[in-house]
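Architecture at a glance
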Amino acid sequence: MVTLEQCMSNYLHTIPITAIIENEGQFLFIKRSRNSQNMAGKWVFPGGKLEKGEDAIQALYRELSEETGLEFTENFAFVSAYQFLRAEDQSSSQGLVFLVQSKSRNIKEDPNIEEYRWINPEEIAMFKFSYAPIKDFDNETNVTIPGMEVHVRNALIIITRGLFLNRHLASVTEYQKRKCTMSKEHLLSFKNPKKLDFTDCEIFPHL
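This is a predicted model, so every value here is computed, not measured.

Criteria and cut-off values
- Residues numbered from 1 in each chain as written.
- Predicted model: local features only at pLDDT ≥ 70, side-chain atom pairs only at ≥ 80, totals over all residues.
- Heavy atoms only, no water.
- Helix = DSSP H or I, 4+ residues; strand = E, 2+ residues; numbered from the N terminus.
- Buried < 20%, exposed > 50% of the residue type's maximum accessible area, 1.4 Å probe, protein only.
- Contact = heavy atoms within 4.5 Å.
- Areas by Shrake-Rupley, 256 points an atom, 1.4 Å probe, with all protein chains shown as cover.
- Core = buried A, V, L, I, M, F, W, Y, C linked by side-chain atoms within 4.5 Å.
- Pairing = 2+ DSSP bridges.
- Expected span 1.5 Å × (residues − 1).
- Arc of directions from axis to C-beta.
- 1 Å grid on protein atoms, 1.4 Å probe; cavity = no way out; pocket = protein on both sides within 12 Å on 5 of 7 lines; lining within 4 Å.
- Points joined across faces, edges and corners; volume = space filled by probe spheres on them.
- Nonpolar A, V, L, I, M, F, W, Y, C, P; charged D, E, K, R; others polar.

**Overview of the overall build of the protein chain**
Across its full length, the protein chain holds five helices and eleven strands. Burial status across the protein chain gives 41% buried among its 207 residues. Across the protein chain, every contact between residues at least 6 apart in sequence was considered, and the portion connecting residues at least 24 apart equals 67%. Total accessible area on the protein chain is roughly 12,600 Å²; 53% of this is exposed by carbon and sulfur atoms.

Right, here's the structure in full:
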């Protein structure tokens, strides 16, 4: 009999990283290639899979650079989590969605992306929500997946309530690679969190 531990040891996981990119109140949607193995022809947010040797924050900005070429502000926030089974290998994808803000709309197009579109948040209502694969790519042109509306809502809450962090605070990997260590004096300052300072390189790595 195969034990649960043996099943779990053979179970594959991938970690997709997704970004809601905001600029002037609009969000960037991309249309996946009709040749994609997952969500072919559907409108989604840009992103990709986490690779060996990087954390989720590093993967986020690498993927955004590859797919959009945009420059970003330091504003960053976690939005939502999701999961699905990947079509190509049935691995369990444990996805993370983040909110970032671009400095411009000067997109460097990726040949694997059919189309880019900036949408107003309420325009998400104009899309068809479906898990089913698209069969007629010429006529089914505005299809997305259920859950996208949740990401949009959460992003709006973050923006309107100002719940951003500086993105450099989120990657402990970068902190460790730079061999930064917080001083005891700084650690004791946690007693008064409103006075925390993130400008000293001992405390906070400049990337």
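Back to the text.
**A look at the nonpolar core**
General note: in soluble globular proteins, nonpolar side chains tend to be found buried as a group. Counting residues in each nonpolar core, the largest one holds 37 residues, and the members touching the most others are I20, I21, F29 and L60. Every element with two or more residues in this core is listed here: β2 (16-23), β3 (26-32), β4 (43-44), α2 (56-67), β6 (72-85), β7 (92-102), β8 (113-119) and α3 (148-161). Looking at this core, the element that brings in the most residues is α2, giving six residues. Aside from chain neighbours lying at most four places away, what touches L60 is I17, T18, A19, F76, F98 and V100.

**Structural notes on the pairing of β3**
On any regular strand, side chains alternate: one points to one face of the sheet, the next to the other face. With six of its seven residues buried, β3 lies for the most part within the structure. In this sheet, β3 lies alongside β2 in antiparallel orientation, the contact comprising two bridges. The residue of β3 that forms the bridge with N23 is Q26. The loop that links β2 with its antiparallel partner β3 comprises two residues; one of these, E24, has a positive phi angle of about 50 degrees. Sheet analysis places β3 next to β8, joined by six bridges and oriented antiparallel. By the bridge assignment, I30 is partnered in β8 with Y116. Looking at chain direction, β3 and β4 are connected through two bridges and run antiparallel. Looking at β4, one finds that I30 is bridged to V44.

**Brief notes about α3**
Here α3 is 14 residues long and its end C-alpha atoms lie 20 Å apart, about the 20 Å a rise of 1.5 Å per residue gives. Burial in α3 covers these residues: M148, H151, V152, N154, A155 and I158. The buried residues of α3 occupy an angular sector of 165 degrees when projected down its axis, which confines them to one face. For α3, the exposed residues lying more than 90 degrees away from the buried face are T160 and R161. Against β2, β3, β4, β6, β7 and β10 (143-144) lie the buried residues of α3. Residue G162 follows α3 closely and has a positive phi angle near 65 degrees.

**Comments concerning the layout of surface pockets**
Sizing a probe to match a water molecule and rolling it over the atoms shows the empty space that remains. By volume, the largest pocket amounts to about 1,100 Å³. Put simply, the parts of the chain that give the lining of the largest pocket at least two residues each are β2, β3, β5 (47-49), α2, β6 and α3. Ranked by the residues each element gives to the lining of the largest pocket, the list is headed by β6, at six residues. Partitioning the lining of the largest pocket into residue classes produces 22 nonpolar, 13 polar and ten charged.

**Description of unusual backbone geometry**
Trans peptide bonds make up the majority, and among non-glycine residues the majority have a negative phi. If you check the backbone angles, E24 has positive phi at about 50 degrees while not being a glycine. Structurally, E24 can be placed in the loop between β2 and β3.

**Some points on α2**
Taking 1.5 Å per residue as the helical rise, α2 with its twelve residues ought to reach 16 Å, and the 16 Å between its terminal C-alpha atoms agrees with that figure. The buried fraction of α2 amounts to ten of the twelve residues, a majority that puts the element mostly inside the structure. Within α2, burial applies to A56, I57, Q58, A59, L60, Y61, R62, E63, L64 and E67. The first or second residue beyond α2 is G69, which carries a positive phi of 70 degrees.

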